[in-house]
Every structure is written in structure tokens, then in C-alpha cells.
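Below, each chain spelled out in residue letters.
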Amino acid sequence: MKEAIFLDFDGVIVDSIHECYKISYETFFGFYVPIINIEDYRAQFIKNRYLVRPVYQYMILHQVLIKLFNNEISHMEIKDSFYKIDRQTHDDLKKNFEDSFFNKRKYYRQNKEQWLNMHYITEFGKTLQNKVLSDYYIITTKDKDSVKLLSKLYNINIKNIFGKEEYNLTQSKGKIITNFLNSSDYDSAIFVDDAVDHLRSVNDDRIKVYYADWAYDNNSNEFEVYEF
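Residues numbered from 1 in each chain as written. Predicted model: local features only at pLDDT ≥ 70, side-chain atom pairs only at ≥ 80, totals over all residues. Heavy atoms only, no water.

Draft legend 1. A look at the overall build of the protein chain. From N to C terminus, the protein chain includes 11 helices and 7 strands. Against the 2.2 N^0.38 benchmark of 17 Å for 228 residues, the protein chain shows a C-alpha radius of gyration of 18 Å, consistent with a compact globule. Along the longest, intermediate and shortest principal axes, the C-alpha atoms of the protein chain span 55 × 40 × 30 Å. The proportion of buried residues among the 228 residues of the protein chain is 52%. Sequence-distant contacts in the protein chain: of pairs separated by 6 or more residues, those separated by 24 or more amount to 66%. One finds the centroid of the 30 positive side-chain charges in the protein chain at a distance of 4 Å from the centroid of its 35 negative side-chain charges. (Helix = DSSP H or I, 4+ residues; strand = E, 2+ residues; numbered from the N terminus. Rg over C-alpha atoms; globule rule 2.2 N^0.38 Å. Buried < 20%, exposed > 50% of the residue type's maximum accessible area, 1.4 Å probe, protein only. Contact = heavy atoms within 4.5 Å. Lys, Arg positive; Asp, Glu negative; His and termini not counted. Charge placed at Lys NZ, Arg CZ, Asp CG, Glu CD.)

Draft legend 2. Here's a closer look at unusual backbone geometry. A positive phi is found at asparagine 71, a non-glycine position, where the angle reads about 60°. When you line up the elements, asparagine 71 lands in the loop between α3 (57–69) and α4 (78–88). For asparagine 71, a relative accessible area of 69% translates into the label exposed. Of note, asparagine 155 is a non-glycine position whose phi angle comes to about 55°, a positive value. In this fold, asparagine 155 is placed in the loop between α8 (144–153) and β5 (160–162). Relative accessible area serves as the criterion here: at 39%, asparagine 155 is assigned to the partly exposed category.

Draft legend 3. Layout of the packing of helix α1 (residues 17–29) against helix α2 (residues 38–48). In the contact formed by α1 and α2, the axes pass within 11 Å of each other and the chain directions differ by 115°. Note on packing geometry: the crossing formed by α1 with α2 is right-handed. Contacts between α1 and α2 involve Ile17, His18, Cys20, Tyr21, Ser24, Tyr25 and Phe29 from the first element and Ile38, Tyr41, Arg42, Phe45 and Ile46 from the second. Taken together, the residues of the contact of α1 with α2 break down into 9 nonpolar, 2 polar and 1 charged. (Axes fitted to C-alpha atoms, helices over the stretch in contact; angles between N-to-C directions. Left-handed = near helix turned anticlockwise from the far one by under 90°. Nonpolar A, V, L, I, M, F, W, Y, C, P; charged D, E, K, R; others polar.)

Draft legend 4. The arrangement of the environment of lysine 173 in detail. Along the chain, lysine 173 turns up in helix α10 (residues 173–182). Beyond its immediate stretch of four places on either side in the chain, lysine 173 contacts Asp8, Ile139, Thr140, Thr141, Tyr167, Phe191, Asp193, His198 and Ser201.

Draft legend 5. Structural context of the side chain of histidine 62. Secondary-structure assignment places histidine 62 in helix α3. When its relative accessible area of 0% is taken as the criterion, histidine 62 is described as buried. Within the structure, histidine 62 has its side chain in polar contact with the side chain of tyrosine 41 (distance 2.7 Å). In contact with histidine 62, not counting residues within four places along its chain, are Ser24, Tyr25, Phe28, Phe29, Tyr41 and Phe45. (Polar contact = N/O pair within 3.5 Å; in protein donor to acceptor, adjacent residues only side chain to side chain.)

Draft legend 6. Local environment of the nonpolar core. Judged by nonpolar contacts, the single largest core of 55 residues is most densely connected at Leu7, Ile13, Tyr58, Leu128, Ile156 and Val192. Residue contributions to this core peak at 7 residues, all from α3. In contact with isoleucine 13, other than residues within four places in its own chain, are Leu7, Asp8, Ile121, Thr122, Phe124, Gly125, Leu128, Ile138 and Ile156. Formed by 19 residues, the second largest nonpolar core is a distinct cluster that contains Tyr137, Phe162, Leu199 and Ile207. (Core = buried A, V, L, I, M, F, W, Y, C linked by side-chain atoms within 4.5 Å.)

Draft legend 7. Broad picture of the pattern of salt bridges. As enumerated under the stated definition, the model contains 21 salt bridges in all. Here lysine 94 and aspartate 86 are joined by a salt bridge, their closest N and O atoms 3.1 Å apart. Taken as a pair, lysine 94 and aspartate 86 share a single burial class, namely buried. The shortest N-O distance in the salt bridge between arginine 200 and glutamate 222 comes to 2.9 Å. One end of the pair, arginine 200, is in helix α11 (residues 196–200); the other, glutamate 222, is in the segment after β7 (207–211), with 22 residues separating them in the sequence. Assessed through its relative accessible area of 46%, arginine 200 is described here as partly exposed. Here the salt bridges do not stand alone but share partners, grouping Glu19, Arg105, Arg109, Asp143 and Asp145 into one network. (Salt bridge = Lys/Arg side-chain N within 4 Å of Asp/Glu carboxyl O.)

Below, the structure is given as C-alpha cells:
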């Protein structure tokens, strides 16, 4: 039986939280500096980063954190507030934020060394280094150019990438993997992600899903942890 292995990228293979914080913060706030304790704000961003799936949701997260720091919501209300604001946000605004985010990322990538230094390889990522990984696939909401640059930096030889371009067509990693299996010679797949919403998007008995408990989301859930 031929099996493919699909791996999320951010948090699972490479820790990009510092880069995503910097770019999303500057994209959201621009030249406006809010009157908040920046270190506390950053800590809350890191703590609640697990809520973000597609890039536009960084905008939602910043909106929620503003409410938190303005004492409009409590810590217990962060998750519900996040999903409520997401539902109420117009698609055009989501797209505008994503476009601005990726444009700013391109700007930072011009200084490749500085940009790469915003990232760190995970312990799991280290197990992939300098290996032949022909049956491995990266499935991510990150742009492919960034994935390729970081993979090259860390000597991770996964050439098959489903990035934000493919994700935006279906809004479902589960559908992407199912479509892949339907049109390939693979019989089954393993899917590893730290975002439970992505794991829950799978509705296919051919796909075994595993939770990456070393990444951003450390909340308990129904999925088996991936052992490496």
C-alpha cells in the first residue's frame, strides 16, 4: 500500500511565530502604536496564535487582543470573540489584509538573512533534515515562496507543496488531501497538523489524522498525538 505523508509547516516543521507577529502587527497597526504594554501584548499573541488558520485571521486576532487590553472581554471570552468577529468580517476586508500581509512579507524577504533569522526549526523539523522525503508533502496556508526558502535553509527536501494558493481554492486541507488521493496512485495518507480545525476538515477514511502537540495549539482535543 502506497501512503503519502502530509505535514503542516508553521509550528510543525518551522516555528515562524516571531515573523508572523512582526508582520501581522505592522500590517494591522501600520504607523499607529497602541497604548498598551507591548511585552504583555506579544505574550497574548503567542498564547492565542493557535486560533489563526488562514492569514487574514491574524487581523481577527489583533482585534480580539485590542478588546482584551481595553477590558471589553475577559481571557475566557477570547475564543468566542475571535470566531464572532470572524463571522462578522466582510470577505473584502479579509482579502485586503491578506494582500497587505503578503506584500509586507515580500518586503522583509528582500533582506533574506534578516527574514530567515526570524524563524527557528522545531525538534520535529530536525528529524526531517538531510533526508530523502519523496512521499512527503507540505500542506500549509503559508505562501510557497516562503516555504521553499525556509526548507532550503534547513535542508528539508520536501519538493511537493500545497500552499495558500491551493488552500484558498477549497478553504479545507481535508479536501485538498482527498482530491490528491483521488487523482494519484497513493492508497492512503497521514496528515499531521497542530490546528484542530484543519484536522476536523478531514472526512475521508483513507486519511489518518494526527495532532502535533509541540506546536502552537496545546489545548486538549480528540486527536491522537503524532509520535516522532
